Amino acid sequence: MAQPILPASLSPHVCILASADVQQVLEGAGLPPLPEILQCFSPLPNVTTRTTSLTSVPHELFFVRFSDVLDIENAVHEDEEQRAGRMMDWMGSRISQRCERWMETLDAVDDKGRKVWRNSTPWWEEVKRCVEGDHVPSSTEGWNHPVSLILAVTTTAANPLQALQDLASRAFDFPPWVDLTSLRYFLIIHPSNSPLADPIAEALINAVKKQYGLHSYLLPLHLPTDPLPQPVSIQAPPPRLPTTSSLESPLLTPQPTGPGGLGISPSPTPPPHPASPMPHERRAPPLTHKSPEGPPPSPTPQTGATLRLASDDIQQIGAFMREFVARNLVPWMEKCVIEWNENYSSSRRLPSRLFSSTRRLFGAASAASSPATPTHGSSPSVSSVTSRFTHGANNSVSSITSVTSVSTMGGGNVNQQRRLAEFATILGDYKLAISVWETLRKEGRGGSDVLPLLSAPSPALALHADHALSTLRGPQPRQGTPFEAPANAQYRALVYAVRWESGINRPDFLSPTLEGERWLVKAASSAEEPPTAILYAHAAFLSESKRSRRRAALWYLVAAEKLEKTGIKTLAMYFFRKAHELYQVPPPKELSPSFWESEDRSPTQWEGFSAVLPAIEHELGRLLYTTGDTAGAVKYFLALLKPVVQHGPQLHPPHSANGAGSPLLPQPSRGKVYLEDFRVAFKHFKVTEGDAWKKLGLQLPITFCQAKQTRVRFPGDAVEGDSAAWEKLEGDWAAFWSQHGKEKLGKSGKAAVNETFWVDLVLKNPLDVEVTLSGLTVSVREKSAEDAKETPDFVEVEVVDDVVLGPRDTRTIPIAVRCKKPAALVITHAVYEFFSLLPATESLVVRGRRLNDTPQQRQEKTYAPDVLIRIEVEEAGQRLHVHFVDDRHLVLAQGEYKHQRVWLTNSGTRPISELWVLTGENDEVWIEIGASDSLDASSSSPPKTEILRTTNSLAPRTPRRIPLDAIHSAPQLGPGEEIQVPFILHAAHHGEQDLCMLFVFREAPDTPFHSTRVTRRYEVKPILNISTSARPSASSDQAYIVNIEIENVTNSSNVEIKQVSTLSGSWDCSPLHPFSSVIVHPHQLASLSLGAKSWHAGSGVSETREFVARKLNALLQGGPIDHSEPPALDLTCTHIASDSDVVPLHTPATQHFIHCGRRTMTAQATAAAHPDIPARLHRTLFPLYNPATVDVVVFWALPAQKRAGHILLQGPALGASHAPLREVVQAARGMKAKRSMYAETQRERAAIIEAIEACEWNREEDPVAVFVKDGHVTEHDFRHGPCHVPLSFTFRNLSLTHPARVTLKLAENVGNDRVDNLLPPSYAGRLVHRTVLEPAQSHTAHAKLWATRPGCYALDSWTVETEVGEPSAPAPTQEFLEPPAEAGKPSQPTPRTFVWRSRQLRYLQRPPAGDARPFVTVVDTGRLG
């Protein structure tokens, strides 16, 4: 281990008590006090000490500190907490006073061109010098306790011996805890102007040695005064905290010297030779000395402190320093170490340790480990010490009598054991020192702060540092705010940190083993003082030197915050800038060059940490604004106007009045704070500086205009509506007209002369705060005038006064443009003023696409030319302007009919002869042309049943041509002519809706088409809630009973149900009760029951099922799917209404609305059931109607408001189905799987199969409904014995396509384990009944119940087994069956010839549970009689 270099604060502290004549002599020579003169000669080079084992330890530099006893006495009585607080404030004031000068010298370089402050910083050196200059003893450590006391007099005194005796007999005013174990040394200064001759001075020093011992010295000095010697550069003495007396009382006026400088007399004139100035600059290199035999060297010249001493005097003082230190102070300290080490060793032996432990555990009067020594002023015998230790030939007992040993006194922590450790540390006996420090640490009396300076680097040193700091602060309370340690703890932590940084070799201090910069941060803790901020700053400096930039930036940031709070803004700004600079350094990224190319980013593009940099820039702007640099503040605030990325808690959390933020109040947006600061600063700058802001070149860092979304809109282009909907309408037109001609739908994109068109600027606010843009407009130039900066005179451009954008808001602002002559225009920029303060211009040019056509373009980034917004203005040609006659806001009821009109105006110069109209996919619109399109009830009483022929196709409706001659007086619409087109809007879907209508027109055949758009927004509110349900019927007249419930969901309107119509391809419905119009009051229900029976008169049912099976089979087999449409289907319609109010469904308008509504429902249901099948294939795979379903149309009216409409509802699917697609699905699953490199393909195919298996076309259910006749009452006289009760079980095959084999099994002798009062049945006679039911056939099986007593018998304990068969033709095979019984005749088994083929579908039914069980009642007539 290398020899440690201890900090100067861990050096012997020598106190000087000088007589008044000493100060007079030095002031007369223009010199500072004696302690400051002697301090200039420290450290001494080449000093050798010896350990307890007599091993020599060479010291290249040996520091000694000198101070005045009077200063120590004045300072030592001050409360340590108060003095620590003053010390921290004093250092803060020094930092504040010097920081501006430091900023000027930071970039200074030496003769070799290297930065002067490359290894340290001036603020850290200032703090270190202030800490090292602290010389006041402390009760917690003994480094500042006096080691030696020098009593100094001069030969100019009237009686030097008496003066020396007065000094020796003076009582010292020290607290009892100050250790006075010190060496007394006597110094006699013999100046050249002394009245005593040299021989007399020699006799005087001999007398002093005889009286006081050998620790005496005669110092002859020349001290010339006329002229004064040339000033010699010296190292500046460390600054020291002013005493409280000097701060509270005014300074005394210096008194001049007498003639010749030999005396001092009161006089108002200043002294003739002022003392040498002692400015506090950074430390100069130590003054070197040679041996007394050679001439003393002159101090190293350096700009800083100077001392006016002749070379002979410098040599004499140097000789005295070496004599005092090497031959007196060091031997005395070595002797003390030997003596104290013996006491320490004896106390550490096992019996002593056990005895000490016993006393510590069971109590003792004193716990001192060393024997008590005489107090100051006594004369202990040290003959034993003198006999064992000698150093020099002239050593005598009298010279040692001044040694006094004072152990622990008062409340201090400085005892003989700690003094032993400190002396051994100073002398370089580190082996002994470490052992003693370890003992002290284990006993809880310090040592952890010194061990890192003496031990080799290891992870244990960090633990020592943590322990030293934790013992200072003690346990911290649990509270929300950070705990701030007392001033004394803060100062002691600062002292430790300075010693560690100065005393540990920097490579070791910054090594990964120690990471000493973290020790500085821990020492600073959360204290809000300038010195602790400097600790953070120096830790950041050290981290930056080891290239830990992120950590350094964080600590610079903390230091800047603390300094800003204390008002030191200059240094705070510097630290903020350092943190800002470090946070902008990009981290190393070892990525492939292909990554940057694929992401289209530059490897050098780095914006820094967006979570931290804005807060730093904001603080810098605030500091610049408060210091008067408004221009710099404006630049910072303007740069902050960019999107804020919230990564975590804010850097500066807001606080309430009491210092704590409220979690209930919303936190203000940082963007709002930045914006407000910018507005305030910029307004102030414009007011105070005038037009100087124009020279700053301020540019907004954000953009509001979305250039790629900016569009030019011409008259006829709809503003509202979904763009995808308009594209679909145009695609539908292109698909429709491709089958009729080759003319395309022209999109000229040209404006007409004197016609207003609009530039739709899409503005997006990237900030999370509301902004205002004033004077928003666009810059327009001619295509040929590329350098034009102003808009041409023939172009009129609208200027929008104020546009308010909310946080993260996006708005489209139309800018009206009008051109007065044909021209080619280019829209180049958007112009506005940001909050009416800062003009801004944004380009509307979009970069062209990247080219990849040639190998060179693929290797190097090559882009197509920029895309400009170009507008061709031409003379008006074909123009059609469309708008609604009544454009008020529409609020419709669901299903309501609304008659509307659109006004078409030919605003062009050419006629229009052909006009088409297209509406949205979900819009139900009927163009009213002709008188046959009425929706009202027929007055001729049409029949209540009708048959509709439907194409049964999901194909979208085709565009409808509007014959101009039917609504206009001529077949053409000339220029300037107008027409009205009436239409009916059916509000089928509730909610906010957009009616999108695309009008396509042209002048003549074989000419291109043009289009115009119109949009109408309306709101649809629900009025009725309709639900349907179905259940099998026991009656032979109908197979099902369909229940319809209609609820009025309005709050105040009475709805009249005018008519209910049903539509189905297989079922005919009829009312079970007479029907008349019903008034349904608000929140009331109306119900209607219908009977449904199978209907076979129509065509297309079986063809529809075969079409679905064939198409789905082709889909699953992977073969080509033809584009054939589903077969047509006949629908039977039944109207339940009054005879005079029947609304037929065959009218074109009603049939169109029903077809559109049904197509919308089917398309949505198909897309939901088969999401993996492309929507374009739905029309070729699935039909519009399922023949098994029953649709319900409810016609309603609001008579009071003269409003009417209808609501279409897809009803239930009736009849049993038997998985008709089962074979298709099984075949698809049994196919050999094709290899595919994409797993998604296999998953999609499996999903398609599962969806088809579960769809409505593959339903599977039990076809047989069982009805037990219950409630029958049988009368019998049980006096004649038990009786038989006849029972009947009716079976109905609900399937319209497949037969069913039914087996009824009746159980016997079932125990009564029921909880009700019904008796268990006991069946008699035939217990098993079998029959085969053809499609839609019924059969009744008769059984008997054996009643042994009167009561109610439950008709349960039976099961019905059903097996579904395949439909087949008769064959020569006989089987006895039970045919349906005729009325009044019992059924007999008759043979029937057929071939039974099972479909492998079997079902089992049991009696219903609960109170719904059927029963019969047997009454005993004998008991009644």
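The following paragraphs examine the structure supplied in this document. No experiment lies behind these values; they were computed from the predicted model shown.

Another aspect to go through is the sheet that holds strand E30 (residues 1024-1032). Judged by pairing direction, the sheet is antiparallel, and its four strands sit side by side in the order E30-E31-E35-E33 without closing on themselves. Looking along the sheet, the strands with just one partner apiece sit at the ends: E30 and strand E33 (1067-1071). Neighbour-to-neighbour, the strand axes of this sheet turn through a mean angle of 30°, independent of strand direction. Summarising the sheet, strand E31 (residues 1040-1048) and strand E35 (residues 1085-1094) pair through eight bridges and their orientation is antiparallel. Among the inter-strand pairings, tyrosine 1040 is bridged to a residue of E35, identified as alanine 1092.

Here the focus is the pattern of salt bridges. Within this structure, the stated rule accounts for 56 salt bridges. The salt bridge partner of arginine 499 is aspartate 449, with a shortest N-O separation of 3.8 Å. With a gap of 50 residues between them, arginine 499 in helix H16 (residues 487-503) and aspartate 449 in the loop between helix H13 (430-442) and helix H14 (451-454) connect regions that are remote in the sequence. According to the relative accessible area criterion, arginine 499 is buried, its value standing at 5%. When the shortest N-O distance is used, the salt bridge between glutamate 501 and arginine 506 registers 2.7 Å. Judged by relative accessible area, which is 8%, glutamate 501 ranks as buried. By relative accessible area, arginine 506 is classed as partly exposed at 28%. Look at the salt bridges and you will find they share partners, linking Glu141, Asp179, Arg418, Arg419, Glu422, Asp449, Arg492 and Arg499 into a network.

For any pair of aromatic rings, the description consists of the separation of the ring centres together with the inter-plane angle of the planes. Within the structure shown, the criterion is met by 36 aromatic pairs. Through a chain of ring-to-ring contacts, the aromatic side chains of Phe678, Phe682, Trp693, Phe704, Tyr832, Phe834 and Phe835 assemble into a single cluster. It is lysine 686 that lies over the ring of tryptophan 693; its NZ or CZ is 5.0 Å from the centre. Taking NZ or CZ as reference, arginine 1016 lies 5.2 Å from the ring centre of phenylalanine 884, over its face.

Looking now at helix H25 (residues 670-689). With 20 residues, H25 should reach 28 Å at 1.5 Å per residue; the first-to-last C-alpha distance of 28 Å fits that figure. Listing the buried residues of H25 in full gives Arg670, Gly671, Tyr674, Leu675, Phe678, Ala681, Phe682 and Phe685. Down the axis of H25, the buried set is contained in an arc of 140°. They therefore lie on one face. Opposite the packed face of H25, turned more than 90 degrees from it, sit the exposed residues Lys672 and Val687. In the segment just after H25, glycine 690 is the residue with positive phi, at about 70°.

Every regular strand shows the same layout, with side chains that alternate between the two sheet faces. What you see with strand E19 (residues 869-874) is a clean split: Ile869, Ile871 and Val873 sit on the buried side and Arg870, Glu872 and Glu874 on the side with no burial. Inspection of the sheet shows strand E11 (residues 750-752) paired to E19 by three bridges, in the parallel sense. Residue alanine 752 lies in a different strand from E19, and its bridge partner there is glutamate 874. Bridging between strand E17 (residues 823-834) and E19 involves five bridges; their strand directions are antiparallel. When the bridges of E19 are listed, alanine 824 appears paired with glutamate 872.

It is worth spelling out the sheet that holds strand E43 (residues 1323-1324) at this point. The strand order E39-E41-E45-E43 describes an open sheet built from four strands, whose pairing is antiparallel. Edge positions in the sheet fall to strand E39 (1264-1268) and E43, since each of these pairs with one other strand and no more. The pairing of strand E41 (residues 1283-1293) with strand E45 (residues 1338-1347) spans ten bridges and is antiparallel. Paired with serine 1288 across the bridge in E45 is histidine 1342.

The next point concerns the environment of glutamine 490. Relative to the helices and strands, glutamine 490 resides in helix H16. Taking the relative accessible area as the measure of exposure, glutamine 490 reaches 8% and is therefore buried. Every residue in contact with glutamine 490, bar those within four places of it in the chain, is listed here: Met88, Glu484, Ala485, Ala527 and Glu529.

Proline 43 follows serine 42 through a cis peptide bond whose omega is 10°. One can find proline 43 in the loop between helix H2 (34-39) and strand E2 (44-50). For arginine 547, which is not glycine, the phi torsion reads 70° and is therefore positive. For asparagine 754, which is not a glycine, the phi torsion comes out positive at approximately 60°. Structurally, asparagine 754 can be placed in the loop between E11 and strand E12 (756-764). Assessed through its relative accessible area of 43%, asparagine 754 is described here as partly exposed.

What follows is about the pairing of strand E25 (residues 945-950). Burial along E25 is one-sided: the face carrying Glu946, Leu948 and Thr950 is buried and the face carrying Thr945, Ile947 and Arg949 is not. Where E25 and strand E36 (residues 1129-1137) come together, six bridges link them in antiparallel fashion. Among the inter-strand pairings, isoleucine 947 is bridged to a residue of E36, identified as threonine 1132.

Before going further, it helps to examine the nonpolar core. Counting 195 residues, the largest nonpolar core has Met91, Phe320, Trp500, Phe704, Leu763 and Phe834 as the members making the most contacts within it. Ranked by residues supplied to this core, first place goes to helix H9 (residues 311-347) with 15 residues. Among residues more than four places away in sequence, those in contact with phenylalanine 834 are Leu641, Leu675, Phe678, Leu700, Phe704, Val771, Thr772 and Leu773.

Turning to the environment of alanine 830, a few remarks are in order. Mapped onto the fold, alanine 830 is located in strand E17. For alanine 830, a relative accessible area of 0% puts it in the buried group. Sequence separation between alanine 830 and threonine 841 is eleven residues, and the spatial gap between their C-alpha atoms is 5.7 Å. Beyond its immediate chain neighbours, meaning those up to four positions away, alanine 830 contacts Cys705, Leu761, Thr777, Val778, Ala840, Thr841, Glu842 and Leu844.

What counts and how
Residues numbered from 1 in each chain as written. Predicted model: local features only at pLDDT ≥ 70, side-chain atom pairs only at ≥ 80, totals over all residues. Heavy atoms only, no water. Pairing = 2+ DSSP bridges. Helix = DSSP H or I, 4+ residues; strand = E, 2+ residues; numbered from the N terminus. Axes fitted to C-alpha atoms, helices over the stretch in contact; angles between N-to-C directions. Salt bridge = Lys/Arg side-chain N within 4 Å of Asp/Glu carboxyl O. Buried < 20%, exposed > 50% of the residue type's maximum accessible area, 1.4 Å probe, protein only. Phe/Tyr/Trp six-rings, centres within 6.5 Å; stacked < 30°, edge-to-face > 60°. Lys NZ or Arg CZ within 6 Å of the ring centre and 35° of its normal. Expected span 1.5 Å × (residues − 1). Arc of directions from axis to C-beta. Contact = heavy atoms within 4.5 Å. Core = buried A, V, L, I, M, F, W, Y, C linked by side-chain atoms within 4.5 Å.

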